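Listed here are the chains, written in short residue letters.
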Amino acid sequence: MSKLTLKTEGDTHVVVTRRFAAPPEAIYRAHIDPKLIQKWMLGPDGWTMPVCINDAKPGGKIRYEWKDGTGRGFYLTGEFVELVPFSKIVHVERMHLPAPTPDNQIETTFEKDGTGTLMTMRMTLPDGETRAAMLATGMEHGMEASYARLETLI
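Residues numbered from 1 in each chain as written. Predicted model: local features only at pLDDT ≥ 70, side-chain atom pairs only at ≥ 80, totals over all residues. Heavy atoms only, no water.

Student: I tried to follow the pairing of strand β3 (residues 48-54) on my own but got confused; where do I start?
Tutor: Regular strands show a simple pattern: their side chains alternate between the two faces of the sheet. When β3 meets strand β4 (residues 61-67), the two strands line up antiparallel, connected through 5 bridges. For Cys52, the partnering residue across the bridge sits in β4 and is Tyr64. Counting the residues in the hairpin turn of β3 and β4 gives 6 residues, including Gly59, whose phi is positive at 85°. (Pairing = 2+ DSSP bridges. Helix = DSSP H or I, 4+ residues; strand = E, 2+ residues; numbered from the N terminus.)

Student: What exactly am I supposed to notice about the nonpolar core here?
Tutor: One broad rule of soluble globular proteins: the nonpolar side chains tend to lie buried together. The biggest cluster of nonpolar side chains holds 32 residues, and the ones touching the most others in it are Met49, Tyr64, Met121, Met123, Met143 and Tyr147. Ranked by residues supplied to this core, first place goes to helix α4 (residues 139-153) with 4 residues. Residues contacting Tyr147, with those up to four places away along its chain left out, are Leu4, Arg18, Phe20, His31, Trp40, Met119 and Met121. (Core = buried A, V, L, I, M, F, W, Y, C linked by side-chain atoms within 4.5 Å. Buried < 20%, exposed > 50% of the residue type's maximum accessible area, 1.4 Å probe, protein only. Contact = heavy atoms within 4.5 Å.)

Student: Can you walk me through helix α1 (residues 24-32) in this structure?
Tutor: One full turn of an α-helix is made of 3.6 residues, so residues set three or four places apart face in the same direction. Considered for burial, the residues of α1 that qualify are Pro24, Ile27, Tyr28, Ala30 and His31. Buried residues of α1, viewed axially, fall in a sector of 160°; they line one side. (Arc of directions from axis to C-beta.)

Student: When you look at the sheet that holds β3 in this model, what are you seeing that I'm missing?
Tutor: Strand pairs in the sheet, formed through backbone hydrogen bonds, run parallel or antiparallel to each other. Strands sit in the order β1-β2-β8-β7-β6-β5-β4-β3 across an open sheet of 8 strands; the sheet is antiparallel. A single partner strand is all that each edge strand has here, and the edge strands are β1 (5-9) and β3. If you compare each strand with its neighbour and ignore which way they point, the axes differ by 20° on average. By the bridge criterion, 9 bridges tie strand β5 (residues 73-84) to strand β6 (residues 88-96) in an arrangement that is antiparallel. Across the sheet, Glu79 pairs through a bridge with Val92, a residue of β6. Each of β2 (13-20), β3, β5, β6, β7 (104-113) and β8 (116-124) is contacted by α1, which is oriented at about 155° to β7, the strand it contacts most. On the sheet, α4 packs against β1, β2 and β8 and is oriented at approximately 25° with respect to β2. (Axes fitted to C-alpha atoms, helices over the stretch in contact; angles between N-to-C directions.)

Student: Any chance you could explain the pattern of salt bridges here in plain terms?
Tutor: Should the charged atoms of two oppositely charged side chains come close, the side chains can pair. Applying the stated rule across the entire model yields 12 salt bridges. As a salt-bridge pair, Asp113 and Arg19 come within 2.7 Å of each other at their nearest N and O atoms. Taken together, the positions of Asp113 in strand β7 and Arg19 in strand β2 put the pair 94 residues apart, joining distant regions of the chain. On the basis of relative accessibility, which here comes to 30%, the residue Asp113 falls in the partly exposed class. Judged by relative accessible area, which is 48%, Arg19 ranks as partly exposed. Notably, a salt bridge pairs Lys57 with Asp55, separated by 3.5 Å at the nearest N-O pair. One salt-bridge network, in which partners are shared between bridges, spans Lys3, Arg18, Glu144 and Glu151. (Salt bridge = Lys/Arg side-chain N within 4 Å of Asp/Glu carboxyl O.)

Note that every value here comes from positions in space, so none of it alone points to a role or purpose.
Here it is, written out as structure tokens:
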């Protein structure tokens, strides 16, 4: 059963929440450490991330490349806007499928929740059409598979 919830707000926002049984420091670190990211942010089983560039500082670049084992894949590029250690990451990303999607600005917060963490990811897309196309991919399934994998690492 998925622990992830996904809601839409207005015409351009997507809000994803998930609880983790680990402190905010651990979940935050898992989102900025390239060695950790390559172990958990893989989507469905069978995918790998051979390239993971994550220069976690304002203006720092992001590049993730995924492969599915048959030679097919895609990549993501982006930049960090703001990082508040252990509590917030703001970045902009675009998927390359192969053409780049419009920018998606994402604010992710990590809040202490009992003995664990409530992670809230608020995505802001340029328009309703872009949001609809993103949601049509079924991205929440790959996200939950990745987050379940993260839970086994922490």
